[in-house]
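Residue-level listing of the chains:
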Amino acid sequence: MSQALLSVARHTTADGVHVVALAGDIDHTTAGTFRQALTPPGESAPHTVADLQDVTFMDSSGINVLVAANNTARSHGGSLRLAHTPTPVLDLLRIVGLDDLIPLYPTLEDALAPPTAA
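Since we're looking at a predicted model, the values are computed, not measured.

A. Summary view of the layout of surface pockets. Of the voids in this model, the second largest pocket is the one considered here, and its volume is about 210 Å³. Lining the second largest pocket are 14 residues, and of these Val17, His47, Arg81, Leu112 and Ala113 sit closest to its centre. Breaking the lining of the second largest pocket down by element, the ones donating at least two residues are strand S3 (47–58), strand S4 (79–83) and helix H4 (108–112). Broken down by element, the lining of the second largest pocket gets its largest block of residues, three residues, from S3. Residue composition of the lining of the second largest pocket, by class: seven nonpolar, five polar and two charged.

As structure tokens, then:
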């Protein structure tokens, strides 16, 4: 049995948004890596965008990490947004109702765009 792998690439935009690109499986063996990846460096980036385009699998461990990261971001006046969510992961988010709590965007560019005033 092979252990699941999760690759992470991180950077902070000029606007101070913490961007995380993930690739691989998000499950109990990679939940710690996922949690760390979603944690912005210091207090300088309360807003995080996770690009899930190359995530191949997510289980309840990933859901738990997303809920905790969203709650932490909000408690610090920030936000968590998800971009490029693959269909199997999107289906899981919808089943558990997380799509109503965390904004989902079709592209990274859309997720990074400032909110429009109504």
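B. Highlighting helix H3 (residues 87–96). Looking at H3, one finds that the buried residues are Val89, Leu90 and Leu93. Burial along H3 is one-sided: seen end-on, the buried residues are contained in an arc of 100°. Exposed residues pointing more than 90 degrees away from the buried face of H3 are listed as Thr87, Pro88 and Ile95. Contacts from the buried residues of H3 go to S3, helix H2 (60–75), S4 and strand S5 (104–105). Of the residues one or two after H3, Gly97 is the one with positive phi, at around 80°.

C. Representation of the side chain of Ser61. Turning to its location among the elements, Ser61 is positioned in helix H2. You can call Ser61 buried: its relative accessible area is 15%. With sequence-adjacent residues up to four places away left out, Ser61 is seen in contact with Asp27, His28 and Ala31.

D. Fine view of the nonpolar core. Counting residues in each nonpolar core, the largest one holds 22 residues, and the members touching the most others are Leu22, Phe34, Leu38, Leu66 and Leu82. Elements supplying a minimum of two residues to this core: strand S2 (17–26), helix H1 (31–38), S3, H2, S4 and H3. Aside from chain neighbours lying at most four places away, what touches Phe34 is Leu6, Leu22, Ile26, Met58, Gly62, Val65 and Leu66. Val17, Val19, Ala83 and Ala111 belong to the second largest nonpolar core, which has six residues in total.

E. Expanded view of H1. Of all the positions in H1, only Ala31, Phe34, Ala37 and Leu38 are classed as buried. Viewed along the axis of H1, the buried residues span an arc of 125°, placing them on a single side of the element. As for H1, its buried residues are in contact with strand S1 (6–12), S2, S3, H2 and S4.

The rules behind the values
Residues numbered from 1 in each chain as written. Predicted model: local features only at pLDDT ≥ 70, side-chain atom pairs only at ≥ 80, totals over all residues. Heavy atoms only, no water. 1 Å grid on protein atoms, 1.4 Å probe; cavity = no way out; pocket = protein on both sides within 12 Å on 5 of 7 lines; lining within 4 Å. Points joined across faces, edges and corners; volume = space filled by probe spheres on them. Helix = DSSP H or I, 4+ residues; strand = E, 2+ residues; numbered from the N terminus. Nonpolar A, V, L, I, M, F, W, Y, C, P; charged D, E, K, R; others polar. Buried < 20%, exposed > 50% of the residue type's maximum accessible area, 1.4 Å probe, protein only. Arc of directions from axis to C-beta. Contact = heavy atoms within 4.5 Å. Core = buried A, V, L, I, M, F, W, Y, C linked by side-chain atoms within 4.5 Å.

By themselves, these figures tell us nothing about what the structure is for.
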